[in-house]
Amino acid sequence: MNNKTKLFNRDFTLMVIGQVISLFGNSILRFTLPLYLLDTTNSSALFGAVSACSLIPMVIVTPFGGIIADRANKRNIMVTLDFITAILVIAFLFSIGKFNLIFMLIVTLMTLYGIQGAYQPTVQASIPLLVDRDHLLPGNAVINQVSSLAGLLGPIVGGILYGFYGLIPILISSIICFFVSAIMEIFIKIPYKKQEIASNAFSIVKDDFMTSLNFIFNDKPIVFKTIGIISCFNLFLTPLIMIGIPVIITQILNMSSQAYGITQGMLALGGLCGGIMTGILVKKIKIYQSHIILLFAILGLIPIGVVIMLNLNHRISYIIVTACCFLIMVVSTLFSIQILAFIQSETPDHLIGKVISFCLSITMFLTPIGQIMYGYLFEVLKSNTHIIVFIVTLISGLIAIVSKKVFSKLRKAGIFNDR
């Protein structure tokens with residue numbers, strides 16, 4: 001029997017281990033496939049466009065993933081999606097050289113992200129069922145640390161394998177990861193009560209959508225305002241890291257794929273450290289101070305713009321860029337875990353999957369637009385990329401300042417951190 005009073009009870013521990021393995025396989029794929037495209041085509045515009053197309057299915061599927069997560073057996077969802085992902089990568093492996101590369105990458109990445117759109121809401125909705133309310137923040141921190149650990153090891157291992165042996169070993173490694181994860185998840189016991197179906201599928205989806213929207217917009221408008229702030233950052237700041245950093249490192253600084261892998265690993269290490277800091281500072285960090293946390297993340301962009309503008313030694317520039325990426329990720333992770341735990345704590349159990357998926361979908365909606373925008377800008381302003389970085393720093397800083405008004409209302413309401 002699962003003991004929810006313990007954070008690392010049997011079922012939560014199994015889910016964590018399964019996440020480590022699955023996300024590692026996912027991490028090396030997400031690192032290598034876009035890099036393979038950038039190396040092959042040498043086009044940042046195409047890189048941005050393909051990355052944006054890849055993310056669109058995740059935005060669309062995520063809300064439905066939440067609806068399914070609230071109505072179906074969450075363990076079965078995770079197991080099925082891991083098996084499907086393994087089969088997808090096998091299909092891609094045997095299709096290499098037989099179809100157009102760009103078409104194959106778009107289809108594969110779109111499917112991978114679409115699967116993740118259903119997978120992540122299921123994991124997030126499972127946490128409150130496996131741990132008690134007092135362990136929600138550390139539980140989310142653990143899951144975030146798992147993601148960061150996989151993100152740390154994935155790019156480093158992926159960069160080494162890709163640099164020395166090419167794409168094939170990476171595909172094989174990820175296939176093994178997905179199969180092992182799926183088998184492990186079979187043994188997880190997540191509380192599940194089958195809901196009665198009194199209407200057709202369309203009506204169920206419609207009702208679930210309306211219930212979630214009513215909760216976000218009417219019952220908890222502060223959640224909607226918080227989502228709006230995150231969405232703005234996902235238009236300007238997040239795509240800059242996703243599209244700009246690989247272009248800066250591989251094309252502007254002319255560093256190797258292994259060097260880029262190390263930078264991606266440092267981003268993940270930053271996420272891991274941010275999760276650890278969340279656990280350490282759980283009693284001290286206040287959600288109404290989130291605008292300060294965001295400002296620290298934004299300040300990390302300034303040195304990146306400066307070293308590019310001054311055209312410093314490429315190795316020195318690379319070290320500074322990588323260090324800034326690490327610091328940005330530490331602070332961003334601290335913010336993300338805090339916001340996620342806040343939303344979970346304010347949402348009834350029977351709505352968690354739907355509400356979390358809606359929040360994820362809405363916040364991700366603007367990211368593909370940002371990716372296309374940055375892909376084009378880095379293509380056009382290739383010799384003046386510091387201008388892009390400084391403009392984004394200014395815009396993001398203004399958003400953080402505006403967000404102070406939203407987060408200060410949480411203090412007046414005595415929500416979450418002051419309980």
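Look up: the structure comes first, before these words.
Residues numbered from 1 in each chain as written. Predicted model: local features only at pLDDT ≥ 70, side-chain atom pairs only at ≥ 80, totals over all residues. Heavy atoms only, no water.

**Student:** Help me understand helix α3 (residues 74-95), please; the structure alone is not making it clear to me.
**Tutor:** Residues three or four positions apart in an α-helix share a direction because the helix packs 3.6 residues into each turn. Between its first and last C-alpha atoms α3 spans 32 Å; for 22 residues at 1.5 Å apiece the expected length is 32 Å, and the two agree. Looking at where α3 begins, the residue whose side-chain oxygen comes 3.0 Å from the main-chain nitrogen of R75 is N73. (Helix = DSSP H or I, 4+ residues; strand = E, 2+ residues; numbered from the N terminus. Expected span 1.5 Å × (residues − 1). Polar contact = N/O pair within 3.5 Å; in protein donor to acceptor, adjacent residues only side chain to side chain.)

**Student:** Just to check I follow, could you spell out the packing of helix α1 (residues 10-41) against helix α6 (residues 168-185) for this structure?
**Tutor:** Geometry of a packed helix pair, given as the angle between the helix axes and the separation of the axes. Look at α1 against α6: their axes get within 8 Å of each other, and the N-to-C directions meet at 160°. In terms of their interaxial angle, α1 and α6 are classed as roughly antiparallel. Seen from above, α1 lies across α6 with left-handed handedness. Facing α1, whose interface residues are L14, I17, G18, I21, S22, F24, G25, N26, I28, L29 and T32, α6 presents I170, L171, S173, S174, C177, F178, V180, S181, M184 and E185. Classifying every residue of the contact of α1 with α6 gives 12 nonpolar, 8 polar and 1 charged. (Axes fitted to C-alpha atoms, helices over the stretch in contact; angles between N-to-C directions. Parallel < 35°, antiparallel > 145°, perpendicular 65-115°, else oblique. Left-handed = near helix turned anticlockwise from the far one by under 90°. Contact = heavy atoms within 4.5 Å. Nonpolar A, V, L, I, M, F, W, Y, C, P; charged D, E, K, R; others polar.)

**Student:** Explain the side chain of S43 here, please?
**Tutor:** Here S43 lies in the loop between α1 and α2 (44-71). The exposure class assigned to S43 is buried, which follows from its relative accessible area of 15%. A polar atom in the side chain of S43 sits 3.1 Å from the backbone nitrogen of L46. (Buried < 20%, exposed > 50% of the residue type's maximum accessible area, 1.4 Å probe, protein only.)

**Student:** In this structure, what is going on with unusual backbone geometry? I would like to understand it.
**Tutor:** Peptide bonds are trans in most cases, and residues, glycine excluded, mostly fall at negative phi. Unlike most non-glycine residues, N254 shows phi in positive territory, near 55°. Along the chain, the position of N254 falls in the loop between α8 (221-252) and α9 (257-280). With relative accessibility at 55%, the residue N254 sits in the exposed group.

**Student:** Looking at this structure, how should I read helix α12 (residues 314-346)?
**Tutor:** Taking 1.5 Å per residue as the helical rise, α12 with its 33 residues ought to reach 48 Å, and the 47 Å between its terminal C-alpha atoms agrees with that figure. Where α12 begins, the side chain of N313 points an oxygen toward the backbone nitrogen of R315, at a separation of 2.9 Å.

**Student:** Would you take a moment to explain the packing of aromatic side chains for this structure?
**Tutor:** Both the distance between ring centres and the angle between the ring planes are used here to describe each pair of aromatic rings. Applying the stated criterion across every chain, the model contains 4 aromatic pairs. Between Y36 and Y162, the aromatic rings sit 6.4 Å apart at their centres with planes inclined by 90°, giving edge-to-face as the arrangement. A residue pair is termed long-range when its members are at least 10 positions apart, and Y36 in helix α1 and Y162 in helix α5 (residues 136-165) qualify at 126 residues. Residue class for Y162 comes out buried when judged on its relative accessible area of 12%. Between Y374 and F378, the aromatic rings sit 6.5 Å apart at their centres with planes inclined by 50°, giving tilted as the arrangement. (Phe/Tyr/Trp six-rings, centres within 6.5 Å; stacked < 30°, edge-to-face > 60°.)

**Student:** Before we go on, may I ask you to explain a nonpolar patch on the surface in this structure?
**Tutor:** Together, I96, I168, I172, I176 and V180 make up a nonpolar patch on the protein surface, roughly 380 Å² of accessible area in all. Under the relative-accessibility criterion, I172 is labelled partly exposed at 41%. (Patch = residues over 30% accessible without salt bridge, like charges linked within 9 Å, V, L, I, M, F, W, Y side chains within 5 Å. Areas by Shrake-Rupley, 256 points an atom, 1.4 Å probe, with all protein chains shown as cover. Salt bridge = Lys/Arg side-chain N within 4 Å of Asp/Glu carboxyl O.)

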